[in-house]
Amino acid sequence: FALALSARAPEHRLVKLQVTGPVTLAVALERAAGRPGRGEDVVDLATQIALWLSASAAVQTRWLHDELGLDALLVADEPGLQHAALAVEHARVWDPLRQAATAWGLHVCCAVPWPLVAAAGPDVLSFDLVAQPVTEVAAHTLSSIACRGGRIAWGAVDSGERADPAGALARIEQGWATLASEGAGELGPASLVSASCGTGGRSAGDERRVASVLAQVAALGRGEPVSRRTGTTITAPTAIGAAQDDN
């Protein structure tokens, strides 16, 4: 990874690092010990885990900055967040990770606890749009992220089927329409394109297929025509500052 970055650093000078979410890991450890894995017990353990993760991540982010001149986006993968049943005041659990990198984010592929995410205030939020359409509560959180200069990674490409790029873009645009009621303004530059959760267990061929569809969705969002194998061309009028993201 370091050698690849040394040879070909990204133009935007930002590298994504992903860590196991401290809340999700705490839930798993608590349940493995025969306990419910919810509430205050999870918070105490997750806080300790977050401190350990941040110390490890900080070493890597400093190295990337000092040796390669790159900044880091540190993303916590939290698929077990909903099960933890944390209160809004527990959003402090991620504070150590927030301080370990230039920017930080959450990847949440369960049912998103929107008030908790809003209180956490990540710079980037990645969620499964295929499974979790944008509700009014979700729109409030998402618009607050966008309005303060954050990014939303829309998990709009269904990883379980042969997705249609235009259909995936339509999902994002429907989300935008809901956010418009919250005064979010122009959402294209604040948007990233991602797949729905579940690609990790699929074959390399499936991964390449999903990556290809993601590239097509991003191109459509930028207003570029995309050719299908049938020889037809599809276009979309909406401009979007999209980029591929991995789950």
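Residues numbered from 1 in each chain as written. Predicted model: local features only at pLDDT ≥ 70, side-chain atom pairs only at ≥ 80, totals over all residues. Heavy atoms only, no water.

(A) Highlighting the pattern of salt bridges. Summed over the entire model, instances satisfying the criterion amount to three salt bridges. When the shortest N-O distance is used, the salt bridge between glutamate 30 and arginine 35 registers 2.9 Å. Residue glutamate 30 is classed as buried on the basis of its relative accessible area, which comes to 8%. Judged by relative accessible area, arginine 35 falls into the partly exposed class, the value being 41%. (Salt bridge = Lys/Arg side-chain N within 4 Å of Asp/Glu carboxyl O. Buried < 20%, exposed > 50% of the residue type's maximum accessible area, 1.4 Å probe, protein only.)

(B) Representation of unusual backbone geometry in the model. Backbone geometry places arginine 13, a non-glycine residue, at a positive phi of 60 degrees. One can find arginine 13 in the loop between helix H1 (2-7) and strand S1 (14-20). Overall, arginine 13 belongs to the partly exposed group, its relative accessible area being 35%. The residue alanine 85 is not glycine, and still its phi comes out positive at about 55 degrees. Within the secondary structure, alanine 85 sits in the loop between helix H4 (81-84) and helix H5 (95-98). (Helix = DSSP H or I, 4+ residues; strand = E, 2+ residues; numbered from the N terminus.)

(C) Expanded view of the nonpolar core. Counting 68 residues, the largest nonpolar core has Val23, Trp94, Leu142 and Trp154 as its most contacted members. It is helix H3 (residues 40-68) that contributes the most residues to this core, nine residues altogether. Non-local contacts of leucine 142, meaning those with residues more than four positions away in its chain, are made with Trp114, Leu125, Phe127, Val134, Ile152, Trp154 and Leu179. (Core = buried A, V, L, I, M, F, W, Y, C linked by side-chain atoms within 4.5 Å. Contact = heavy atoms within 4.5 Å.)

(D) Broad picture of a negative patch on the surface. Taken together, the side chains of Glu40, Asp41, Asp44 and Glu89 make up a negatively charged region of the molecular surface. Among the structural elements, aspartate 44 can be located in helix H3. A relative accessible area of 47% means that aspartate 44 is categorised as partly exposed. (Patch = residues over 30% accessible without salt bridge, like charges linked within 9 Å, V, L, I, M, F, W, Y side chains within 5 Å. Areas by Shrake-Rupley, 256 points an atom, 1.4 Å probe, with all protein chains shown as cover. Lys, Arg positive; Asp, Glu negative; His and termini not counted. Charge placed at Lys NZ, Arg CZ, Asp CG, Glu CD.)

(E) Broad picture of the side chain of histidine 107. Looking at the element boundaries, histidine 107 is found in strand S3 (residues 103-108). At 2.8 Å, the side chain of histidine 107 and the side chain of serine 126 are in polar contact. (Polar contact = N/O pair within 3.5 Å; in protein donor to acceptor, adjacent residues only side chain to side chain.)

(F) Seen up close, the sheet that holds strand S4 (residues 124-127). An order of S1-S2-S3-S4-S5-S6 is seen for the six strands of this open sheet, with the pairing classed as parallel. If you trace the sheet from one side to the other, it starts and ends with S1 and strand S6 (191-195), each paired once. On average, each strand axis in the sheet is tilted by 25 degrees relative to the strand beside it, whichever way the strands run. For S1 and strand S2 (residues 71-77), the ladder comprises seven bridges, and the chain directions are parallel. The residue of S2 that forms the bridge with valine 15 is alanine 72. Contacting S4 and strand S5 (151-157), helix H7 (residues 136-147) crosses the sheet at an angle of about 130 degrees to S5. Of the strands in this sheet, S5 and S6 touch helix H9 (residues 204-221), which is tilted by about 155 degrees from S6. (Pairing = 2+ DSSP bridges. Axes fitted to C-alpha atoms, helices over the stretch in contact; angles between N-to-C directions.)

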